[in-house]
Amino acid sequence: MRKMLIAGNWKMNLDREHATQLTSSILESSGDSGPDIVLCPPYLLIPPVLEIVRDSRIQVGAQNLFWEKKGAYTGEISASMILNAGCTHVIIGHSERRQIFGETDISVQRKTAAALEAGLIPIVCVGETLEEREEGRTEIVIERQISGGLERIPQEILGDIIIAYEPVWAIGTGQTATPETAQEVHKQIRSWLKDTYSKSLAEDVRILYGGSVKGENAAELFGQDDIDGGLVGGASLDAEGFAQIIAAAR
Ligand code: 13P
């Protein structure tokens with residue numbers, strides 16, 4: 001059985017004071033059992049957040065990395081630096097990085113490989129734009145992103161990899177995918193994993209849904225067979241809203 005996971009992607013939000021308040025509230029309401037919880041703050045807020053969740057079941061992730069190990073790469077952060085800071089996870093290939101910073105399936109592949117080699121769990125994001133969906137290209141786009149992003153990565157090191165399906169048209173728009181629409185793509189991703197690797201890998205990999213997840217729609221989404229939790233943006237910045245989402249995944 002796959003354990004549910006709720007990840008909060010804070011994006012470029014919050015200062016130190018608000019981040020510590022939010023983390024303390026989440027820690028307080030999270031209890032001793034329930035889904036796995038991963039908080040992904042901006043890099044500079046990782047240390048204070050980790051300080052608060054130390055010895056708890058809440059884990060911390062970064063929102064990006066650069067694939068080289070070290071060197072003259074001004075402004076970049078390596079997988080080992082993220083691991084060394086105390087993180088367990090890293091988000092890779094978010095649609096904002098693809099659209100605003102020109103990330104491609106090739107850079108996603110390099111970053112995913114670097115994360116796995118360092119011992120970080122990558123949360124690899126895929127998702128179609130509205131135009132691609134309207135043109136009936138969702139399936140092709142998702143398959144291209146997944147196969148490109150995981151290309152040549154040996155199955156033995158794929159380990160705990162997590163995939164997040166985040167339709168671009170649902171991110172920050174309040175327009176959540178219906179549970180059926182999301183389930184259809186999640187199922188497609190799982191069958192691709194089965195055909196490409198193995199039945200057991202396909203059954204183990206967690207596939208999160210992201211895109212306007214809220215307390216009100218979380219339970220229905222998480223009730224779908226192939227949806228194993230959520231990657232939450234806006235609603236993860238609100239302690240109460242995030243607690244509702246966590247409760248929906250119990
Ligand atoms: P929203 O939950 O704000 O739509 O953002 C989703 C997202 O991009 C998570 O990575």
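Here, every reference points to the structure presented above.
Counting starts from 1 at the beginning of each chain's written sequence and moves along it residue by residue. In view of the model being predicted, local features appear only for residues whose pLDDT reaches at least 70, and side-chain atom pairs are presented and counted only at 80 or more, with totals across whole chains, interfaces and linings using the full set of residues. The basis for every side-chain value is the complete set of heavy atoms in the structure, and neither hydrogens nor water enter the calculation.

Participant: Which parts of the structure should I look at to understand a negative patch on the surface?
Facilitator: Taken together, the side chains of Glu139, Glu143, Glu184 and Asp195 present a region of like negative charge at the surface. Those elements that place two or more of their residues in the negative patch are helix H7 (138–150) and helix H9 (179–196). Within the secondary structure layout, aspartate 195 lies in helix H9. Residues qualify for a patch when their relative accessible area is over 30% and they have no salt bridge, like charges being joined within 9 Å and the nonpolar side chains of Val, Leu, Ile, Met, Phe, Trp and Tyr within 5 Å. Note on areas: these come from Shrake-Rupley sampling with a 1.4 Å probe, and a residue is covered only by the protein chains present in the view. Salt bridges are defined as contacts in which a side-chain nitrogen from Lys or Arg sits within 4 Å of a carboxyl oxygen from Asp or Glu. A residue counts as positive if it is Lys or Arg and as negative if it is Asp or Glu; His and the chain ends are not included. Here the site of a charge means atom NZ of a Lys, CZ of an Arg, CG of an Asp or CD of a Glu. Only DSSP runs of H or I reaching four residues or more are called helices, and only runs of E reaching two or more are called strands; each is numbered from the N terminus.

Participant: Looking at this model, I keep getting lost on the site of the ligand. Mind explaining?
Facilitator: Within the structure, the ligand sits among Asn9, Lys11, His94, Glu166, Ala170, Ile171, Gly172, Gly211, Ser212, Leu231, Gly233 and Gly234. In the complex, the protein chains occlude 95% of the 310 Å² of accessible area that the ligand would expose alone. Here a residue counts as near a molecule or strand whenever at least one of its heavy atoms sits within 4 Å of it.

Participant: Which parts of the structure should I look at to understand the sheet that holds strand E3 (residues 58–62)?
Facilitator: Adjacent strands of a sheet form backbone hydrogen bonds with each other and so pair up, either parallel or antiparallel. Reading around the circumference, E1-E2-E3-E4-E5-E6-E7-E8 is the order of the eight strands in this closed barrel, with parallel pairing throughout. With direction set aside, neighbouring strand axes in the sheet form an average angle of 25°. Paired strands are those between which DSSP finds at least two bridges. For strand E2 (residues 36–40) and E3, the ladder comprises three bridges, and the chain directions are parallel. Bridge assignment links leucine 39 to a residue of E3, and that residue is valine 60. Strand contacts of helix H12 (residues 239–248): strand E1 (5–9), E2 and strand E8 (229–232), with the helix running at about 160° to E1, the strand carrying the most contacts. Fitted lines through C-alpha atoms serve as axes, helices being fitted only where they are in contact, and the angles separating the N-to-C directions of these axes extend from 0 to 180 degrees. Contacts between residues were defined by any pair of non-hydrogen atoms, one from each residue, lying within 4.5 Å.

Participant: How should the pairing of strand E4 (residues 89–92) be read in this particular structure?
Facilitator: Side-chain positions along a regular strand alternate between the two faces of the sheet. Relative accessibility decides the category of a residue: with a 1.4 Å probe and only protein chains considered, values under 20% of the type maximum give buried, values over 50% give exposed, and everything between is partly exposed. Here E4 shows a buried face lined by His89 and Ile91 and a second buried face lined by Val90 and Ile92. As paired strands, E3 and E4 are joined by two bridges and run parallel to one another. Paired with glycine 61 across the two strands is histidine 89, which belongs to E4. Handedness of the crossover joining E3 and E4 through helix H3 (residues 79–85): right-handed. Relative to strand E5 (residues 121–126), E4 runs parallel, the two being bridged by four bridges. Looking across to E5, one finds that histidine 89 is bridged to isoleucine 121. By definition, the crossover connecting two strands over a helix is right-handed if that path, from the first strand to the second, turns clockwise as seen with the strands pointing away from the viewer.

Participant: Explain the nonpolar core to me, please; I cannot follow it from the model alone.
Facilitator: What tends to happen in soluble globular proteins is that the nonpolar side chains get buried as a cluster. By convention a nonpolar core is built from buried Ala, Val, Leu, Ile, Met, Phe, Trp, Tyr and Cys residues, the set being connected through side-chain atoms within 4.5 Å. Core analysis: the largest hydrophobic core is formed by 62 residues, its most contacted members being Ile189, Leu193, Tyr209 and Phe222. Broken down by element, the residue count for this core peaks at five residues, all from H9. With near-sequence residues (within four places) excluded, phenylalanine 222 lies in contact with Met4, Ile6, Val213, Ile227, Gly229, Gly230, Ile245, Ala248 and Ala249. With 12 residues, the next largest nonpolar core counts Leu5, Ile123, Leu208 and Leu231 among its residues.

Participant: Is there a simple way to explain unusual backbone geometry in this structure?
Facilitator: Outside of glycine, negative phi angles account for most residues, and trans bonds account for most peptide bonds. The backbone of lysine 11 sits at a positive phi, close to 55°, despite the residue not being glycine. Inspection of the secondary structure puts lysine 11 in the loop between E1 and helix H1 (16–30). The phi dihedral of arginine 152 is positive, around 60°, even though this residue is not glycine. Inspection of the secondary structure puts arginine 152 in the loop between H7 and helix H8 (155–158).

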